[in-house]
Amino acid sequence: MNAYDRQALKGSVIMKRLLCIMLAILLAVAALAGCSKKEENESSSPSSLSPAPEPEASGPYQVGLVQYTDYAPYDEARTAFLSRLEEWGYGDSRMQVDYQKADGDSAKLEEICKSFVDEEKEVVVAISAPAAEAAKKACEGTETKVVFLGVSDPKESLGIEDDVNPEGNITGVADLITARQALDLAVQVDSSIKTVGILYDSNCPFGTGYVDALKAVCAELEIAVVEGNPAGKDQVAEAMKELCGQVDAVFSPMDSTVSAAAQEAAKAAREAGKPWYAASEDAVAAGALASINIDYTDAGNKAADMAVQLVSGKTVEELAVYAYLNGRVSVNQETMDALALHFPEEVLEKANYIKAQKSEET
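Residues numbered from 1 in each chain as written. Predicted model: local features only at pLDDT ≥ 70, side-chain atom pairs only at ≥ 80, totals over all residues. Heavy atoms only, no water.

Counted under the stated rule, the structure contains eight aromatic pairs. Plain terms: the ring middles of Tyr61 and Tyr90 are 6.2 Å apart, the flat faces sit at 50° to each other, and that makes the pair tilted. Taken together, the residues span a long stretch of sequence, with Tyr61 in strand β1 (residues 61-67) and Tyr90 in the loop between α2 (72-88) and β2 (95-101) at a distance of 29 residues. You can call Tyr61 buried: its relative accessible area is 8%. Under the relative-accessibility criterion, Tyr90 is labelled buried at 2%. Plain terms: the ring middles of Tyr74 and Phe206 are 5.1 Å apart, the flat faces sit at 85° to each other, and that makes the pair edge-to-face. Of this pair, Tyr74 sits in helix α2 while Phe206 sits in the loop between β6 (195-199) and α7 (208-220), and the two are 132 residues apart along the sequence. Three or more aromatic residues link up through ring pairs in this structure, and these residues are Tyr68, Tyr71, Tyr74, Phe206 and Tyr296. If you follow Arg94 out to its NZ or CZ, it ends over the ring of Tyr90, 5.2 Å from the centre. (Phe/Tyr/Trp six-rings, centres within 6.5 Å; stacked < 30°, edge-to-face > 60°. Helix = DSSP H or I, 4+ residues; strand = E, 2+ residues; numbered from the N terminus. Buried < 20%, exposed > 50% of the residue type's maximum accessible area, 1.4 Å probe, protein only. Lys NZ or Arg CZ within 6 Å of the ring centre and 35° of its normal.)

Here it is as structure tokens:
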């Protein structure tokens, strides 16, 4: 081997060594990045956080959980709340949760919240705006803290002016899904909409803000509004049928009365060839075309996180109100196909597709 060949061989060996060193460095960086990402993901899980403090010798923490009435989205949130506490390690021996339901009775709701204060609960978790309002009133001026969920406008409903550093003793999870978002979605599907119907029970307190907002947006866009107000679930399907004869599309807010007859309402809308836009996934599962809603399992989890932090020593002022500013679109594929309607691709790509429930008759 001549000198030239020896020099070339030496250069090749050096180059290979450099490549190996560079490869090793890249693998090390990737491994560190993976660990960093893993730590970041785990940090949001209760199991990865600091151990929860033990309750005082007097016994487990006492939490009151109050719900205005049965309603699928709020039932989902309540179930998630309780499951999340288990994830935190707060079983009955460390936190006792007293769940009470008011069955839609405002007087009973006030009694429940007052009893929670009398029993010196550390935290009251209130599901829905009526429950949150009653809890706030009962706990005002006491040591009991309030965590709400299922409230669309905490400023209007609960008087919370500063959602970053909430004043007083109340914070929680807000679902600020607007009526404008729902109408914008409908107009993307059918730009020729001139008249909309609102199907809701005016005695149900969940969706009054939504209804007022939808009317205001329609007035701004010069879209006529027709209201259908069933007084009970037995009148929902007929109210839907009457609306469909007068409007281009139907909207419903969060409404337990309409939800109780959602399958019948969806059938009436589909037979009339009119799209029904609801505010919760349970209506979409029953056959409504679509909804813009929040993930109530996630909302329940977040409320549980807040409750745990409060009993652990955090102040209300340290826990900003969490708000879902943009909802997820849920679509019933079967209804969309039956009505021969088409959503924009960018909407369908992110949509949550809901499988239709089977009616009790089938």
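Text resumes after the structure shown.
So, on to the pattern of salt bridges. When charged atoms on two side chains of opposite charge get close, those side chains can pair. Applying the stated criterion to the full structure yields 17 salt bridges. Among the salt bridges present, the one from Lys114 reaches Asp118, with a minimum N-O distance of 3.3 Å. Here the residue Lys114 and the residue Asp118 both occupy positions in helix α3 (residues 106-118), the gap between them amounting to four residues, near one helical turn. Residue classification places Asp118 among the exposed positions, given a relative accessible area of 53%. The salt bridge involving Lys215 is made with Glu227; its shortest N-O contact spans 2.7 Å. Here Lys215, found in helix α7, pairs with Glu227, found in strand β7 (residues 224-228); they are 12 residues apart in sequence, far enough to count as distant. Here Glu227 falls in the partly exposed class, since its relative accessible area comes to 35%. Within this structure, Asp70, Lys101, Asp103 and Lys108 form a network of salt bridges that share partners. (Salt bridge = Lys/Arg side-chain N within 4 Å of Asp/Glu carboxyl O.)

With that settled, consider the layout of surface pockets. By volume, the second largest pocket is sized at about 600 Å³. Forming the boundary of the second largest pocket are 30 residues, of which Ser152, Asp153, Phe206, Gly209 and Tyr210 lie nearest the centre. For the lining of the second largest pocket, the element with the most residues is α7, which contributes five residues. Partitioning the lining of the second largest pocket into residue classes produces 17 nonpolar, eight polar and five charged. (1 Å grid on protein atoms, 1.4 Å probe; cavity = no way out; pocket = protein on both sides within 12 Å on 5 of 7 lines; lining within 4 Å. Points joined across faces, edges and corners; volume = space filled by probe spheres on them. Nonpolar A, V, L, I, M, F, W, Y, C, P; charged D, E, K, R; others polar.)

Inspection of the secondary structure assignment puts Thr195 in strand β6. In this view, Thr195 contacts Ile223, Ala224, Val226, Gln246, Val247, Asp248 and Ala249; residues no more than four positions away in its chain are not counted. (Contact = heavy atoms within 4.5 Å.)

Turning our attention to the side chain of Asn301. By the element assignment, Asn301 lies in helix α12 (residues 296-311). Setting aside residues no more than four positions away along its own chain, Asn301 makes contact with Ala80 and Arg84.

Once that is clear, we can look at the pairing of strand β12 (residues 328-331). Judged from the four bridges that link them, strand β10 (residues 290-293) and β12 form a sheet pairing that is antiparallel. The partner of Ile292 across the bridge, within β12, is Val329. Here β12 runs beside strand β13 (residues 352-353); their pairing, made up of two bridges, is parallel. Among the inter-strand pairings, Val331 is bridged to a residue of β13, identified as Tyr353. (Pairing = 2+ DSSP bridges.)

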